[in-house]
Structures are given as C-alpha cells and as structure tokens.
Amino acid sequence: MSRVVLVTGGNRGIGEAIVTAFRDAGDTAIATYRHGPPPQPGVIMDVADPASIDAGFLAVEQHWGPVEVLVANAGITRDGLLVRTDVADLDDVLATNLRGSLLCAQRATRGMLRARSGRIILIGSVVGLSGSAGQTGYAAAKAGLIGAARSLARELGPRGITVNVVAPGYVDTAMTEVLGDTARQAIIERTPLGRTAHPAEVAAVVTFLAGEAAGFITGAVIPCDGGLGMGH
Ligand code: NDP
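Throughout, residues of each chain are indexed from 1 in the direction in which the sequence is written. Whole-chain, interface and lining totals are the exception, using all residues; otherwise, since this is a predicted model, local features are given only for residues with pLDDT of at least 70 and side-chain atom pairs are given and counted only at 80 or more. Heavy atoms from the whole structure form the basis of all side-chain values; hydrogens and water molecules are not counted.

Caption draft 1: Region of interest: the overall build of the chain. The numbering of helices and of strands both runs from the N terminus, where a helix is a DSSP run of H or I of at least 4 residues and a strand a run of E of at least 2. Helix and strand counts for the chain come out as 8 helices and 7 strands. Against the globule reference of 17 Å for 232 residues, the chain gives a C-alpha radius of gyration of 17 Å, in line with a compact fold. Across the 232 residues of the chain, 47% fall into the buried class. Residues are treated as being in contact if the distance between any of their heavy atoms lies within 4.5 Å. Within the chain, residue pairs in contact and separated by at least 24 positions form 69% of the contacts whose partners lie at least 6 positions apart. Residue exposure ignores everything except the shown protein chains as possible cover, and the areas themselves are Shrake-Rupley values with a 1.4 Å probe. For the chain, the accessible area works out to roughly 11100 Å², and carbon and sulfur atoms hold 55% of it. Just to be clear, the radius of gyration here is over C-alpha atoms, and the globule rule we use is 2.2 Å times residues to the power 0.38. For each residue, the accessible area found with a 1.4 Å probe, counting protein chains only, is set against the maximum for its type, and the residue is called buried under 20%, exposed over 50%, and partly exposed in between.

Caption draft 2: Here's a closer look at the sheet that holds strand β7 (residues 221–224). If you trace the 7 strands from one edge of the open sheet to the other, you get β3-β2-β1-β4-β5-β6-β7, paired in parallel fashion. Sheet topology places β3 (42–44) and β7 at the edges, where each strand pairs with a single neighbour. Along the sheet, successive strands turn relative to each other by an average axial angle of 20°, direction set aside. For two strands to be treated as a pair, DSSP must find at least two bridges joining them. The pairing of strand β5 (residues 118–123) with strand β6 (residues 161–168) spans 6 bridges and is parallel. For every element, the axis is a line fit to its C-alpha atoms; helices are fit only across the contacting stretch, and the angle between N-to-C directions ranges from 0 to 180 degrees.

Caption draft 3: Up close: the pattern of salt bridges. For this analysis, a salt bridge means a side-chain nitrogen from Lys or Arg found within 4 Å of a carboxyl oxygen belonging to Asp or Glu. Taken as a whole and judged by the stated rule, the model has 7 salt bridges. The partner of arginine 78 in a salt bridge is aspartate 89, and the shortest N-O contact between them spans 3.4 Å. Pair noted here: arginine 78 is in the loop between β4 (69–72) and α3 (87–115) and aspartate 89 is in helix α3, with a separation of 11 residues, a long-range link. A salt bridge links aspartate 92 to arginine 78, with the nearest nitrogen and oxygen atoms 3.5 Å apart. Within this pair, whereas aspartate 92 is found in helix α3, its partner arginine 78 is found in the loop between β4 and α3, the two being separated by 14 residues in sequence.

Caption draft 4: Representation of the nonpolar core. To qualify as a nonpolar core, a set must consist of buried Ala, Val, Leu, Ile, Met, Phe, Trp, Tyr and Cys residues joined through side-chain atoms within 4.5 Å. Core analysis: the largest hydrophobic core is formed by 28 residues, its most contacted members being Leu6, Phe57, Leu70 and Ile120. Within the residue set of this core, elements represented by two or more residues are β1 (4–7), α2 (50–63), β4, α3, β5, α5 (136–156) and β6. With 6 residues, α5 is the single largest residue contributor to this core. In this structure phenylalanine 57 touches Leu6, Met45, Val67, Leu70, Cys104, Arg107 and Ala108, once residues within four positions along its chain are discounted. Judged by nonpolar contacts, the second largest core, of 24 residues, contains Val19, Ala31, Ile121 and Ala203.

Caption draft 5: Focus on the confidence of the model for the chain. pLDDT is a residue-level measure of predictor confidence that goes from 0 to 100. This prediction gives the chain a mean pLDDT of 97; 99% of its residues lie at or above 70. Considering each helix and strand of the chain separately, the mean pLDDT is smallest for helix α6 (residues 174–177), with a value of 93, and largest for β4, with 99.

Caption draft 6: Highlighting the site of the ligand. Surveying the vicinity of the ligand reveals 29 residues, the closest of which are Asn11, Arg12, Asn73, Tyr138 and Thr173. Contacts described as polar in this section are N or O atom pairs within 3.5 Å, which, within protein, must combine one atom able to donate a hydrogen with one able to accept it, while residues neighboring in sequence count only if both atoms come from side chains. A distance of 2.9 Å separates a nitrogen atom of the ligand from a polar atom in the backbone of valine 47. Here an oxygen atom of the ligand sits 3.4 Å away from a polar atom, N or O, in the main chain of glycine 75. Compared with its free state, where it exposes 890 Å², the ligand has 96% of that area covered by protein. Looking at the shell around the ligand, the elements that each hand over two or more residues are α1 (13–24), α5 and α6. For the shell around the ligand, the leading source of residues is α6, giving 3 residues. Near, as used in this document, describes a residue that has one of its heavy atoms within 4 Å of the molecule or strand being considered.

Caption draft 7: Quick look at the packing of α3 against α5. Two numbers describe how α3 lies on α5: the axes approach to 9 Å, and their chain directions differ by 15°. Accordingly, the angle class assigned to the pair α3 and α5 is roughly parallel. Remark: the crossing between α3 and α5 carries right-handed chirality. Contacts between α3 and α5 involve Leu90, Val93, Leu94, Asn97, Leu98, Ser101, Leu102, Ala105, Thr109 and Leu113 on the former and, on the latter, Gly137, Tyr138, Ala141, Lys142, Gly144, Leu145, Ala148, Leu152 and Leu156. When residues are sorted by character, Ala, Val, Leu, Ile, Met, Phe, Trp, Tyr, Cys and Pro go into the nonpolar class, Asp, Glu, Lys and Arg into the charged class, and all the rest, Gly among them, into the polar class. A per-class count over the contact of α3 with α5 returns 13 nonpolar, 5 polar and 1 charged. Convention used here: angles under 35 degrees read as roughly parallel, angles over 145 as roughly antiparallel, angles from 65 to 115 as roughly perpendicular, and any remaining angle as oblique. Handedness of each helix crossing follows the sense of rotation of the near helix against the far helix: counterclockwise by less than a right angle gives left-handed, clockwise gives right-handed.

Caption draft 8: Layout of the side chain of arginine 3. Structurally, the position occupied by arginine 3 is in the segment before β1. Residue contacts for arginine 3: discarding those within four places in its chain leaves Phe22, Asp27, Thr28, Glu68, Val69, Ala210 and Gly211.

Below you can see the structure in the form of structure tokens.
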C-alpha cells in the first residue's frame, strides 16, 4: 500500500522521524519545510500563512496526487508566564499549533471527501490535558486540537475519514533542548518509564493510526509519554 502522506514540519525532529517511518513502510511521504535545503521529497509551507498552505497542497497534488494521510506536526513554543507574554508571541503559537493544523486538515479534507477515505493525525501534547506553567498559550493550542479532532471525527466519519490526536510527552528534539538539563531531569523523574522518548517512538504511534489496523479508531487521543500524563 503506497499512499501520499503529507507531514508538516517533516524536515526535522519528530516530523522527520514520522516521514522516515512512512517511507520505510513504502509510502510516499512528503515533508514540508520553510527554509534551508529542501527535504526529498518536500514542499515549502508556512502553516501560519493560509496562502502558503494552499500553495503547498497544490504542489503536492500536482506532483504526487491528493493527500491521503495528513500529519499536522508543525509546532512552536514561546515559553513564559502568561502575564509576561506579548500578543505577537501568543498569536504565533496559536496560528502555528492550532489554526495551522486546522487549516491543513481543512485543505486535506477536500481530496479525502472525494476519495471517501483518509487519515488525519494531529500532533498534540501531554500538556494539552495536564497544563504546564509557562506554556499557557501552547497548552491551549494543544487542548484545542483535541476538541477540533473530535468535532472533525464526527463530521468526517460518515465519509470514511478518521481523525486522531497523538499526545507525546518529553521527546528529545530542538524544541526541548532549550529547556535545559534541570527541566529535563525533573520531567524524567515524573515519568513512570523514567526516560524521555525517541522521536521514532512517536512516529510508530502515528503510522499505526494511519494503518489498516487502526481503521476503527477515530476521535481518540493516544498518549506516547511514558506515563507522564496518566489519568489526563
Ligand atoms: P522541532 O522544533 O524539532 O520541529 C518543529 C517543526 O515544526 C520544524 O520542522 C519546523 O520547521 C516546523 N514548523 C514550526 N513552525 C512552522 C510553521 N509556521 N510552518 C511550517 N512548519 C513549521 O519540534 P518537535 O519535533 O519536537 O515537535 C514536533 C511536534 O511535536 C510539535 O507540534 C510539538 O508541539 C509536538 N510535541 C513535541 C514534544 C517534544 O517533547 N519535543 C512534546 C509534545 C509535543 P522549520 O525547520 O522551518 O522551523
């Protein structure tokens, strides 16, 4: 089974691991990127810019055909207490993590409705349910993805399209590197499995949700967090 898979932010971090996992399974996985050397295959896309999303999807459709699996993975953090967060940072976080993911899902849906099948996987976070001091906007965006996925799952289920959220805990990437060793160690201590995740472990959950074995799973939030968010 070779499908057209689009992974936003697939040029590095968790997204790159997701692209690799789909390619290893024989799919055509296309990574979006914003700058630097293009991943192969890759399309330019800034998910904070609706016109760029549309142009990226058009490029995919022209070269490879309609997107059959969308992984909305692109995300940013702008950590800091809400009281000290400026509007521009809050807007960037919401526009990238929440609105960007929804606009990609909206755009992907066009082709999926025609095909009467498709898989949409949104990359959330453990903090979307548990909250995190210093990440109010980010947690709000990630929590928003859950309500959105469940609404979309209801809208699209009758057309054979599933929509799910993967909620990682602490994964070693550039996003978490900036937090430093003390914060990393504190999270490891609160994680029952006593370690951080490798990006490939998140990718394995994503490819499962996109595969035949997950055909009856929709509107779900699947944690990949070593037990960090247990109960949330
Ligand atoms: P990285 O910072 O390593 O990578 C982020 C990716 O998102 C990059 O490819 C980046 O592209 C892309 N991106 C950011 N903004 C935009 C934008 N406006 N348009 C298009 N692409 C964009 O982060 P991770 O790999 O760690 O995170 C991936 C996802 O996983 C995110 O949604 C994150 O919130 C989530 N997550 C991560 C966790 C972790 O511990 N690392 C934990 C829980 C969730 P570019 O190279 O152009 O900047």
